[in-house]
Amino acid sequence: MDAQTLTYLFVFLSFSLYIGIAIWSKASSTGEFYVAGGDVHPIANGMATAADWMSAASFISMAGIIAFMGYDGTVYLMGWTGGYVILALLLAPYLRKFGEFTVPDFIGTRYYSTTARVVAVVCLIIISFTYIAGQMRGVGIVFSQFLDIPITWGVVVGMAIVFMYAVLGGMKGITYTQVAQYCVLIFAYLVPAFFISMLITGIPIPQIGLGAQVVDGSGLSVLEKLDQTIVDLGFTPYTDGSKSTIDVFAITMALMIGTAGLPHVIVRFFTVPSVADARRSAGYALLFIALLYTTAPAVGAFARLNFVETVHNTQYSDVADWFKSWEDIGLIGWADKNQDGKIQYHPGSAFQGKPTFSEERNEDGSRSVNNQLTDNANEVYVDRDIMVLANPEIAALPAWVIA
């Protein structure tokens, strides 16, 4: 079977599993609807918490950010991981011990102040909306590619599915669905990483492969090869950071504090029987999360290297179908500025803003771009959020791995 058929099959099996679990574990009481009855095993709760954390931003966007920002992108890795550590060690167990389900409840009760509670609610709403905006765009990208629809409709489809799960099973249904979701997510993230690491370095473990030599006989490590490749195109070295120490500190601290206040993660610590179990589930979750977060830098570096070597100076008529499928939904764009039929990838924006396409195609099969072109040498627009999803196709992995 081809990759598209296998993709539909795997997605069907995954959703069947989720729906089956949601029906089996649907809430039958108020306690089960809000806190899953408070009797979830710490390991299961750790997996569910990890699935919460491994959301669209972590699963799709983080490696994409690192792929294009390089060293500077690690602030997101540190900020989100540090935020979980603060939440797990310094916040959630004490909220559980105090008996309050949310930070606003805790602040209002602890300080006997309705005003303080309102301020906390406003802060929480701002954090949640900011967080959800990024998550839902990731959902839109997934469904737009899978169903070949615009991102806006992809977001609508994703919201409808999440709504169905939440209403059907409440926290109990979501908890056990997310245990299965964690298994699916980590499998889908790690298997392509293993294959790509093996192809580039001969080492199947991506965390080790990131520091290993490439197998092209150059004697260079992955990061040295990547630095050399993108510097030749005019980019700054991948391993150089442009942010000042205070900038890195400020962004990391903001991400840590913001993510530590996420209500959907805090409430996870009320689904276990005791405070001790809450601490244990936090430890398990950190272990499960680490599998993805230690792999993301390698995925980002491999994706950038593969993208440059596959796309730059390649005849458009020879590019693989993955490029044209992402081009169809506007997440990659190409404009032949020098009319040579080849894709040129350099620093700078190819278009004034994001590319907009007409329904027509040029003689070489490329999409007709309506945007005004910029005067630099770059001919490619690529949305960084597609890198994780496109990575297996860029590397020409087997169809079942792509699926």
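Draft legend 1. Helix H15 (residues 321–328), seen in detail. Three or more residues of H15 are buried, namely Trp-322, Phe-323, Trp-326 and Glu-327. Looking straight down H15, one finds that the buried residues subtend no more than 135° of arc, so they occupy a single side. Note on H15: the residue one or two positions beyond its end, Gly-330, has a positive phi of about 80°.

Draft legend 2. Molecular detail of the nonpolar core. Grouped together as the largest cluster of nonpolar side chains are 87 residues, with contacts concentrated most on Phe-269, Phe-307, Trp-322, Phe-323 and Trp-326. Once you skip the residues sitting within four places of it in the chain, Trp-322 turns out to touch Phe-307, Thr-310, Val-311, Ile-332, Ala-390, Glu-393 and Ile-394.

Draft legend 3. Focus on the packing of aromatic side chains. Tallying each qualifying case throughout the model produces 11 aromatic pairs. When the ring of Phe-307 is compared with that of Tyr-345, the centres are 5.3 Å apart and the planes differ by 85°; the resulting orientation is edge-to-face. One end of the pair, Phe-307, is in helix H14 (residues 296–311); the other, Tyr-345, is in the loop between strand E3 (342–343) and strand E4 (357–361), and 38 residues separate them in sequence. The residues Phe-307 and Tyr-345 share a single accessibility class, namely buried. Look at Tyr-316 and Phe-323: their rings are 6.1 Å apart centre to centre, the planes differ by 85°, and that puts the pair in the edge-to-face class. What makes Tyr-316 buried here is its relative accessible area of 0%. Within the aromatic cluster, the residues linked to one another by ring pairs are Phe-235, Phe-307, Tyr-316, Trp-322, Phe-323, Trp-334 and Tyr-345. The ring centre of Tyr-111 lies 5.3 Å from the NZ or CZ of Arg-110, which sits over that ring. A cation over a ring is seen here: Arg-304 above Phe-235, with NZ or CZ 4.9 Å from the ring centre.

Draft legend 4. Expanded view of the pairing of E4. Judged from the 2 bridges that link them, E4 and strand E5 (residues 367–369) form a sheet pairing that is antiparallel. Bridge pairing links Phe-357 to Val-369 in E5. What sits between the antiparallel neighbours E4 and E5 is a turn of 5 residues, in which Gly-365 has the positive phi angle 95°.

Draft legend 5. Structural context of the side chain of Thr-314. With respect to the element layout, Thr-314 can be found in strand E1 (residues 314–315). Residue classification places Thr-314 among the buried positions, given a relative accessible area of 17%. Here Thr-314 is in contact with Val-319, Gly-341, Lys-342 and Ile-343, once residues within four sequence places are set aside.

Draft legend 6. Quick peek at the side chain of Asp-336. Mapped onto the fold, Asp-336 is located in the loop between strand E2 (332–334) and E3. Buried charge Asp-336 goes without a salt bridge, the closest partner of opposite sign being Lys-337 at 10 Å. When sequence neighbours within four positions are dropped, the list of residues in contact with Asp-336 reads Gly-341, Lys-342 and Glu-379.

Draft legend 7. Spotlight on helix H5 (residues 74–98). Here H5 is 25 residues long and its end C-alpha atoms lie 35 Å apart, about the 36 Å a rise of 1.5 Å per residue gives. Maximal helix bending in H5 amounts to about 40°, located at Ala-88.

Draft legend 8. Region of interest: the environment of Met-62. Relative to the elements of secondary structure, Met-62 occurs in helix H4 (residues 56–69). Take Met-62: its relative accessible area is 0%, and that puts it in the buried class. Considering only alpha carbons, one finds Met-62 and Lys-324, 262 residues apart in sequence, at a separation of 24 Å. Apart from the residues lying within four places of it in its own chain, the contact partners of Met-62 are Ala-57, Leu-77, Trp-80, Leu-292, Tyr-293 and Ala-296.

Draft legend 9. Seen up close, unusual backbone geometry. Positive phi, close to 50°, is recorded for Tyr-112, a residue that is not glycine. Checked against the element boundaries, Tyr-112 lands in the loop between helix H6 (103–110) and helix H7 (114–147). Here Tyr-112 falls in the exposed class, since its relative accessible area comes to 76%. Notably, Gln-339 is not glycine yet its phi reads approximately 55°, a positive angle. If you trace the backbone, Gln-339 turns up in the loop between E2 and E3.

Draft legend 10. Here's a closer look at the pattern of salt bridges. Under the definition given, this model contains 6 salt bridges. A salt bridge links Arg-137 to Asp-383, with the shortest nitrogen-to-oxygen separation between them at 2.6 Å. Of the two residues, Arg-137 sits in helix H7 while Asp-383 sits in the loop between strand E6 (380–382) and helix H16 (387–394), which places them 246 residues apart along the sequence. Judged by its relative accessible area of 25%, Arg-137 is partly exposed. Here Asp-216 and Lys-225 are joined by a salt bridge, their closest N and O atoms 3.1 Å apart. We classify Asp-216 as partly exposed; its relative accessible area is 45%.

What counts as what
Along each chain, residues carry numbers from 1 onward, in the same order as the chain's sequence is written. With the structure being a predicted model, the display of local features is reserved for residues of pLDDT at least 70 and the display and counting of side-chain atom pairs for 80 or more, all residues being used for whole-chain, interface and lining totals. To get the side-chain values, take all heavy atoms of the structure and skip hydrogens and water. Only protein chains enter the area calculation, which uses a 1.4 Å probe; residues under 20% of their type maximum are buried, those over 50% are exposed, and those in between are partly exposed. A run of H or I in DSSP counts as a helix once it spans at least four residues, and a run of E counts as a strand once it spans at least two, with each numbered from the N terminus. To be clear, the arc concerns the directions from the helix axis to the C-beta atoms. Working definition of a nonpolar core: buried Ala, Val, Leu, Ile, Met, Phe, Trp, Tyr and Cys residues. They are joined through side-chain atoms within 4.5 Å. Every residue pair with non-hydrogen atoms within 4.5 Å of one another is taken to be in contact. Working definition: a ring pair exists when centres of Phe, Tyr or Trp rings (six-membered ring for Trp) sit within 6.5 Å. Plane angles under 30 degrees give stacked, over 60 give edge-to-face, the rest tilted. Charge-over-ring contacts are defined here by two conditions on Lys NZ or Arg CZ: a distance within 6 Å of the ring centre and an angle within 35 degrees of the ring normal. When DSSP locates at least two bridges between a pair of strands, those strands are taken to pair. Charged-residue counts in this description rest on Lys and Arg as positive and Asp and Glu as negative, His and the chain ends being excluded. The working definition used for a salt bridge is a side-chain nitrogen of Lys or Arg within 4 Å of a carboxyl oxygen of Asp or Glu. The length a helix should cover is 1.5 Å for every residue beyond the first. Here the bend at a residue is taken as the angle between two axes, fitted respectively to the seven residues that end there and the seven that start there.

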